[in-house]
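Coordinate analysis (summary)
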Amino acid sequence: MRLSLVPRRAPTLAAAGLAVACAVSLSGCALLDGRSPFDTSNVSYADVERALPGVQDALDEAGLPVEVSLYTGSSNCEGACDLGVGVSLLPAEDAPRPDLHPDALAAVLVVVLPEVSGMPVYVRTGVSEDGAGLDLEPAARALGLDEPPFSMSIGEVHVPKDELDTALELAVARLDR
């Protein structure tokens, strides 16, 4: 048997191509979309970007007691995953105190949740230019959004895509009381 001094690039390239094809097929198109290979939600950045204008229009028409801005929300599982619509809440210009009233959070959810489908919603508080912020935790707790199937961590509430209706029911019940 004679060893060849000629590099065997064709099989190596084929193996590399096969590995990439397997990774992409196993992770959906997460790798191509810049998401974590562990993301199983099948929600792309483009899906979220398509949802944001409708949510923004609904927010603009609602006249809410807080300032609201949108972002692409995500969890972290070795990279971005579980992408969804993110809602950042700021105190209104004339807000007397930094507490977020549960009714204000419920009003935001009643506007946002019907506009979102098939993706989670993330709600967090931001900080305004003058350094004012809102405390989300008491309002989330009052609505029951701090317990499973919802989650709350470091000032952000996560509403899973399968629980949008449940969160909407909690918000409506809060406003109807």
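Since the model is a prediction, treat every value here as computed from it, not as a measurement.

1. Focus on the pattern of salt bridges
Under the definition given, this model contains four salt bridges. With a shortest N-O distance of 2.4 Å, Arg-50 and Asp-47 are connected by a salt bridge. Here Arg-50 and its partner Asp-47 are both found in helix α2 (residues 45-62), three residues apart, which amounts to about one turn of the helix. Taking relative accessible area as the criterion, Asp-47 reaches 23% and is therefore assigned partly exposed. For Arg-174, the salt bridge identified is with Asp-103, shortest N-O distance 2.7 Å. Of this pair, Arg-174 sits in helix α5 (residues 164-176) while Asp-103 sits in helix α3 (residues 102-112); the two residues are 71 residues apart in sequence, bridging distant segments of the chain. According to the relative accessible area criterion, Arg-174 is buried, its value standing at 15%. Overall, Asp-103 belongs to the partly exposed group, its relative accessible area being 28%.

2. Re the packing of α3 against α5
Here α3 crosses α5 at 130°, and the two axes come no closer than 8 Å. Between α3 and α5, the angle falls in the class oblique. Seen from above, α3 lies across α5 with left-handed handedness. Taken together, the residues of α5 that come into contact with α3 (itself represented by Pro-102, Asp-103, Ala-106, Ala-107, Leu-109 and Val-110) are Leu-168, Ala-171, Val-172, Arg-174 and Leu-175. Along the lines of polarity and charge, the residues of the contact of α3 with α5 split into nine nonpolar, no polar and two charged.

Reading the values: rules and limits
Residues numbered from 1 in each chain as written. Predicted model: local features only at pLDDT ≥ 70, side-chain atom pairs only at ≥ 80, totals over all residues. Heavy atoms only, no water. Salt bridge = Lys/Arg side-chain N within 4 Å of Asp/Glu carboxyl O. Helix = DSSP H or I, 4+ residues; strand = E, 2+ residues; numbered from the N terminus. Buried < 20%, exposed > 50% of the residue type's maximum accessible area, 1.4 Å probe, protein only. Axes fitted to C-alpha atoms, helices over the stretch in contact; angles between N-to-C directions. Parallel < 35°, antiparallel > 145°, perpendicular 65-115°, else oblique. Left-handed = near helix turned anticlockwise from the far one by under 90°. Contact = heavy atoms within 4.5 Å. Nonpolar A, V, L, I, M, F, W, Y, C, P; charged D, E, K, R; others polar.

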